[in-house]
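# Descriptive analysis of the structure
Next come the chains, spelled out residue by residue.
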Amino acid sequence: MHAFKRIIFEALVLAVVAVGVGFGANALRGKGMVKPTLNYFEKGGLVGKAAAPNGAKARTKTDDSQPIKKLEHPYQELTFDEVVDIFNDPTVDTGHYLFVDARKDEEFQAGHIPGAIQCNHYRLEEYIYPLIDRADGAEKIVVYCGGGNCEDSIFVCKDLTDFDIPFEAIYLYSGGWKEWSQKGMPSEKGAATR
Amino acid sequence: MVAEGDAQRERGGDTVTASRSAFRRLMDSGWPVLMARLVLGGMFVYMGVMKVGDPLKPFNEEFLKLIRQYHMLPETPAIFLNGTAIVLPWLEILCGVGLLLGLSFRGAALLLAVMLAVFTPAILMRGLAILAEQGGSFFNVAFDCGCGSGVVVTWKKLLENGGLFLLSLLVLFSASTRFSLSTRLHSR
């Protein structure tokens, strides 16, 4: 009984030390820390209520190659052809249209839609302000991530609405980088300009 | 005839007793527990370090996403999910170091046994969910379980975890304290 109590005590001490070390090490990351009480996985309060404007319905997307879950979101979706039309629009460089890449640094640097701005939802403070400057007044903001089951583009859409970018200007390209690159569309390499 | 049967039983009994005492001698030598501690400790330090990454760089969101995929923790309040992502890798590292050094190693073995008892069925359930959607053979199901080793084949990971669970039980229930730092500290 004494030995059993000792083992439980040792386990408790280890657990308490791990909590202390874990939170301490997390604090050392500075701005790059996990914010303990921030819900990183909110998709917006309109999920499932078909609240997209202009009669567009909230969509549920499935992906054949990653058949794990259905992604629900309230945002307007664009098909590949619609995204290509925007990309080829002669006014694409005037700021009317904006492409936002919601993937992480390595993926963005390896290749992204030319002209896209990166926005990492999990390190929002680093990315959101330059994005908001460009997004404010844009007619269509096309947000994408890896495609498949990737949800980060949905989270970035929510971030944009949280920063008062009009809901009707935000469009989700759920085919994402996977579809764009697989169809041989132009790409650009290199780090984000922030 | 009866006497011959008794003699055979006696010989059999002697063999069992001899192998039991050999097993006990082996366990008392402390080597099996030491080997178990080194394997368990090495594995968990490695897996914990892989999850922590560079502690001075921004956190890797992948681990947070991978924990979420199991749907074992509520998303609100966020502290459950985020706290797990913050603490779990360090708990694994501390338990691993404890086992390697022989410091609080039974407590570490208990924690690892509990973690493995929770995570292994979770990996199985996730593998079965993927199988239900994808079809095909369970032996081909592979995904990133968030274990620190990237994409793994599910059945191999389950076997590995089963082995680690048995090793943690061996360390937990063994009476041997040889080759441990805590014994040396207490003997002073």
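Residues numbered from 1 in each chain as written. Chains lettered and ligands numbered in written order. Predicted model: local features only at pLDDT ≥ 70, side-chain atom pairs only at ≥ 80, totals over all residues.

Another aspect to go through is the domain arrangement of chain A. Here chain A is partitioned into domain 1 (2-32) and domain 2 (60-182). Relative placement of domain 1 of chain A and domain 2 of chain A: their C-alpha centres are 39 Å apart. (Domains from an automatic or database assignment.)

What follows covers the pairing of strand 6 (residues 140-144) of chain A. All names here are of chain A. A large share of strand 6 lies buried, amounting to four of its five residues. The pairing of strand 4 (residues 97-101) with strand 6 spans five bridges and is classified as parallel. Within strand 6, the position partnered with Leu98 by the bridge is Ile141. Across four bridges, the pairing between strand 6 and strand 7 (residues 170-173) is parallel. Residue pairing in the sheet places Val143 in a bridge with Leu172 of strand 7. Between the parallel pair strand 6 and strand 7, the chain is carried across by helix 5 (residues 152-162), and the sense of this crossover is right-handed. (Buried ≥ 20, exposed ≤ 12 C-beta atoms within 10 Å, placed from the backbone. Helix = DSSP H or I, 4+ residues; strand = E, 2+ residues; numbered from the N terminus. Pairing = 2+ DSSP bridges. Right-handed = clockwise from strand over helix to strand, strands pointing away.)

Moving on, we come to helix 5 of chain A. All names here are of chain A. Judged by how many residues are buried, helix 5 sits mostly within the fold: nine of eleven residues are covered. Taken together, the buried residues of helix 5 touch strand 2 (71-72), strand 4, helix 4 (124-135), strand 6, strand 7 and helix 6 (176-182). Positive backbone phi, approximately 65°, marks Asp164, located one or two places after helix 5. (Contact = placed C-beta atoms within 7 Å.)

Positionally, Val21(A) belongs in helix 1 (residues 2-28). For Val21(A), a count of 17 C-beta atoms within 10 Å gives the class partly exposed. Measuring from C-alpha to C-alpha, the distance between Val21(A) and Tyr144(A) comes to 36 Å, with 123 residues separating the pair along the chain. With residues up to four places along the chain from it excluded, the contact list for Val21(A) reads Trp90(B) and Leu94(B).

Before going further, it helps to examine the nonpolar core. It is characteristic of soluble globular proteins that their nonpolar side chains tend to be buried jointly. Judged by nonpolar contacts, the single largest core of 34 residues is most densely connected at Leu40(B), Cys95(B), Ala108(B), Ala109(B), Leu111(B), Leu112(B) and Val171(B). Put simply, the parts of the chain that give this core at least two residues each are helix 1 of chain A together with helix 2 (31-52), helix 3 (61-68), helix 4 (79-101), helix 5 (105-134) and helix 6 (154-173) of chain B. Sort the elements by how many residues they give to this core and helix 4 of chain B lands first, with ten residues. When sequence neighbours within four positions are dropped, the list of residues in contact with Leu40(B) reads Leu99(B), Leu112(B), Leu164(B), Leu167(B), Ser168(B) and Val171(B). By size, the runner-up hydrophobic cluster in this structure holds 33 residues, among which are Leu78(A), Val83(A), Leu131(A) and Leu160(A). (Core = buried A, V, L, I, M, F, W, Y, C linked by C-beta atoms within 7 Å.)

Turning our attention to the pairing of strand 4 of chain A. Residue and element names in this part refer to chain A. Burial of strand 4 is extensive: four of the five residues sit out of reach of the surface. As judged from the two bridges shared by strand 4 and strand 5 (residues 117-118), these two strands associate in the parallel manner. Note on strand 5: the bridge partner recorded for Asp101 is Gln118.

Attention now moves to the packing of helix 2 of chain B against helix 6 of chain B. Residue and element names in this part refer to chain B. Orientation of helix 2 relative to helix 6, taken along the N-to-C sense of each, is 130°, at an axis distance of 9 Å. It follows from the interaxial angle that helix 2 and helix 6 lie oblique. The crossing of helix 2 and helix 6 is left-handed. Residue-level inspection shows Pro32, Val33, Ala36, Arg37, Val39, Leu40 and Met43 of helix 2 in contact with helix 6, the latter providing Leu164, Leu167, Ser168, Leu170 and Val171. (Axes fitted to C-alpha atoms, helices over the stretch in contact; angles between N-to-C directions. Parallel < 35°, antiparallel > 145°, perpendicular 65-115°, else oblique. Left-handed = near helix turned anticlockwise from the far one by under 90°.)

What follows concerns the confidence of the model for chain B. Looking at chain B, pLDDT values average 89 and 93% of them are 70 or higher. As scored by the predictor, the complex reaches a pTM of 0.81 and an ipTM of 0.85. (pLDDT = per-residue confidence, 0-100.)

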